[in-house]
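# Fold and contact review
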Amino acid sequence: MTVKTVDALLVGAGAMSTTLATMLNKLDPSLEICMVERLDHVAHESTDGWNNAGTGHAAYCELNYTPEVGKNDVNIDKALSINSAFEVTLQFWSHLVKSGSLPEPENFINRTPHMSFVWGKKNVAFLKKRYELMSAHHLFQGMEYSEDPEVLEQWMPLVMNGRKAGQPVAATRVNHGSDCDFGSLARLMVNNLEKQDSFELKLAHSVEDLQRSSQGGWSVLLKDEKTDKITRVRAKFVFLGAGGGALPLLQKSEIPESNGYGGFPVSGQWMVCENEEVIEQHHAKVYGKAAIGAPPMSVPHLDTRVINGKKALLFGPYAGFTTKFLKHGSVMDLPGSIQSDNLKPMMSVGMKNMDLTKYLISEVFQSMKSRMSSLKDYLPEAQDKDWKLANAGQRVQIIKKDAKGKGSLEFGTEIVSCEDGTLAALLGASPGASTATQTMIDVIERCFAEQLENNGWKEKMIEMIPSYGQSLIEDGELLGQVRKMTLETLKLNA
Ligand SMILES: Cc1cc2nc3c(=O)[nH]c(=O)nc-3n(C[C@H](O)[C@H](O)[C@H](O)COP(=O)(O)OP(=O)(O)OC[C@H]3O[C@@H](n4cnc5c(N)ncnc54)[C@H](O)[C@@H]3O)c2cc1C
């Protein structure tokens, strides 16, 4: 069995590992980094353009980030933190473009106005309140609001054409919203990494097992998917950026911090437009309100996309349920993840969330007619012949043991790391790829604290992300400076 030693072994070649690898390489180009991906290609799971919605999540249009509280109030705290985290991402991407590590930005990000659209008196009142609160904060300056059908028709003609007259409607718009092709971005980051001698990509290799090494760090077993040959890699640091595959690997690591975690998979589907004339008439991401009982990630939206350089129009996602943790996974993933330490949390989540499970299963068995009817809420003149159904990626929501030993279902992301900082795993999937930069900064702060403090990494971090260490929520002037720079560099200005 071959044994090789590296500084960092990153499992998976999706948005998370490619961001972390790029960041680590910039902080210290001499670090030996090995990226291991079980599929034949980079970013063919959740990160691929067709498997996610490609929304640069900045909380401009996603109504689930601003919940209603009480009778006429809206909580915008989550929106502020997501928006500022996306600003961090935009700064990192701008640095990569300016330093020539990424090509022209239109290869992975394109300006696409972000709009929220609602109908009905109650929803209009909610959107107006949300707009008043958000537009008063510097992060959301420039957000527009209208209840005028003629204005809305200019903003989103397909959504307004054929709509019942007299219905109260309202929308907000932020012109510098973005559509991101996270798959292309990950592949471009890997192309750049592959130019460095200190980086190695192992495609078609699965991480099968990992154990603490007697020499420090981790001993990781890899299987060549084509030959079944097993090799061993010793790594000083391991990152489990395996998407839905992260939980089983975290369990195999047996670090005490993994105790009690479980996963709840939610699948998704899109309606994809095949009529070029229709595709050309829409240029926005239009997000609505989630149906009652629906999980937060199934907020319906009608999206202009640019995937692998080609414009597309997608509607969805329709949520669904399977026991697979990855799109290319096994139906045994969920049952295989049940262990003595997470059995009670998983059972209690199952019992507490029967409505969610029923909702997801009913979504799976939805007829095409009923899917078209949901689409027509947003595109009243949609024609059956123009649309086909496609599968999206898998998201594994976190089940976590609470103080009473029971479980709670979480819809965010979480880093689980061991005390000595030699291993970190990313669980969960939302807000996802958009906030990967902030999430990977958190990994570095936890696992490379000494280098950050003593090896000049902090200064390099500020070079890449000028707002590093400061709050964009608090500092309007700093936000103004970095946003001007990122909008120009990434060509997101209207
Ligand atoms: C329907 C849907 C819509 C979404 N919409 C958005 C959006 O609009 N905006 C946004 O920012 N985010 C969105 N997301 C979330 C976003 O796609 C994910 O957060 C992000 O892609 C996760 O990246 P990752 O690298 O963690 O996982 P992945 O992209 O899934 O990559 C993990 C990789 O690890 C590999 N792997 C797994 N197990 C092993 C193993 N044992 N050995 C080796 N390799 C392994 C897999 O093959 C895979 O390539 C969406 C997700 C879904 C499913």
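Residues numbered from 1 in each chain as written. Predicted model: local features only at pLDDT ≥ 70, side-chain atom pairs only at ≥ 80, totals over all residues. Heavy atoms only, no water.

For the rest of this paragraph, the subject is the overall build of the chain. Looking only at helices and strands, one finds 16 helices and 22 strands in the chain. Radius of gyration (C-alpha) of the chain: 22 Å, near the 23 Å computed for a compact globule of 494 residues. Based on the C-alpha atoms only, the size of the chain along its principal axes is roughly 75 × 50 × 45 Å. Classification of the 494 residues of the chain by burial places 57% in the buried group. Considering only intrachain contacts with a sequence separation of at least 6, the fraction spanning at least 24 residues in the chain is 72%. Looking at charge distribution, the chain has the averaged site of its 52 positive side-chain charges lying 5 Å from that of its 60 negative ones. (Helix = DSSP H or I, 4+ residues; strand = E, 2+ residues; numbered from the N terminus. Rg over C-alpha atoms; globule rule 2.2 N^0.38 Å. Buried < 20%, exposed > 50% of the residue type's maximum accessible area, 1.4 Å probe, protein only. Contact = heavy atoms within 4.5 Å. Lys, Arg positive; Asp, Glu negative; His and termini not counted. Charge placed at Lys NZ, Arg CZ, Asp CG, Glu CD.)

For an α-helix the count is 3.6 residues per turn, leaving residues at separations of three or four pointing the same way. For helix α2 (residues 77–98), spanning 22 residues, the distance from its first C-alpha to its last is 32 Å, which sits close to the expected 32 Å at 1.5 Å a residue. Of all 22 residues in α2, 18 are buried, a share of seventy percent or more. Two residues or fewer past α2, G100 is found with a positive phi of approximately 80°. (Expected span 1.5 Å × (residues − 1).)

To continue, consider helix α1 (residues 15–27). Its 13 residues give α1 an end-to-end C-alpha distance of 18 Å, which sits within 8% of 18 Å, the value for a rise of 1.5 Å per residue. For α1, the buried fraction is high: 12 of the 13 residues fall into the buried class.

Contacts to the ligand come from 38 residues, most closely from E37, T47, T55, V207 and S434. A distance of 2.5 Å is found between an oxygen atom of the ligand and a side-chain nitrogen or oxygen belonging to E37. Separating an oxygen atom of the ligand from a backbone N or O atom of A429 is a distance of 3.5 Å. Taking 1000 Å² as the accessible area of the ligand by itself, protein coverage stands at 96%. Those elements that place two or more of their residues in the shell around the ligand are α1 and β11 (205–212). Looking at the shell around the ligand, the element that brings in the most residues is β11, giving 3 residues. Tallied by class, the residues present in the shell around the ligand amount to 16 nonpolar, 18 polar and 4 charged. (Near = heavy atom within 4 Å. Polar contact = N/O pair within 3.5 Å; in protein donor to acceptor, adjacent residues only side chain to side chain. Areas by Shrake-Rupley, 256 points an atom, 1.4 Å probe, with all protein chains shown as cover. Nonpolar A, V, L, I, M, F, W, Y, C, P; charged D, E, K, R; others polar.)

Another aspect to go through is the nonpolar core. In this structure, W93, F239 and I444 are the most contacted members of the largest nonpolar core, which totals 82 residues. Broken down by element, this core gets its largest block of residues, 10 residues, from α2. Once you skip the residues sitting within four places of it in the chain, I444 turns out to touch L20, M23, L24, L27, A449, L452, W457 and M461. Counting 41 residues, the second largest nonpolar core, distinct from the first, contains A246, L356, L423 and A425. (Core = buried A, V, L, I, M, F, W, Y, C linked by side-chain atoms within 4.5 Å.)

Turning next to the side chain of N52. Tracing the backbone shows N52 in the loop between β2 (33–36) and β3 (68–69). At 3.2 Å, the side chain of N52 and the backbone oxygen of T47 are in polar contact. With residues near it in sequence (within four places) discarded, N52 still touches S46, T47, F182, W270 and R305.

A side chain with one charge may pair with a side chain of the opposite charge, provided their charged atoms come close. For the structure on display, the rule yields 21 salt bridges. Two residues, R173 and E144, come together in a salt bridge whose shortest N-O distance is 3.0 Å. Of the two residues, R173 sits in strand β8 (residues 169–174) while E144 sits in strand β7 (residues 144–146), which places them 29 residues apart along the sequence. (Salt bridge = Lys/Arg side-chain N within 4 Å of Asp/Glu carboxyl O.)

The next point concerns the pairing of β8. On any regular strand, side chains alternate: one points to one face of the sheet, the next to the other face. Burial runs high along β8: 6 of the 6 residues are buried. Burial along β8 is two-sided: the face carrying V169, A171 and R173 and the face carrying A170, T172 and V174 are both buried. Here strand β6 (residues 114–119) pairs with β8 via 6 bridges, running antiparallel. From the neighbouring strand, S116 faces β8, where its bridge partner is T172. With 3 bridges connecting them, β7 and β8 associate as antiparallel partners. If you follow S146 over to β8, its bridge partner there is A171. (Pairing = 2+ DSSP bridges.)

What is shown is where atoms sit, not what they do.
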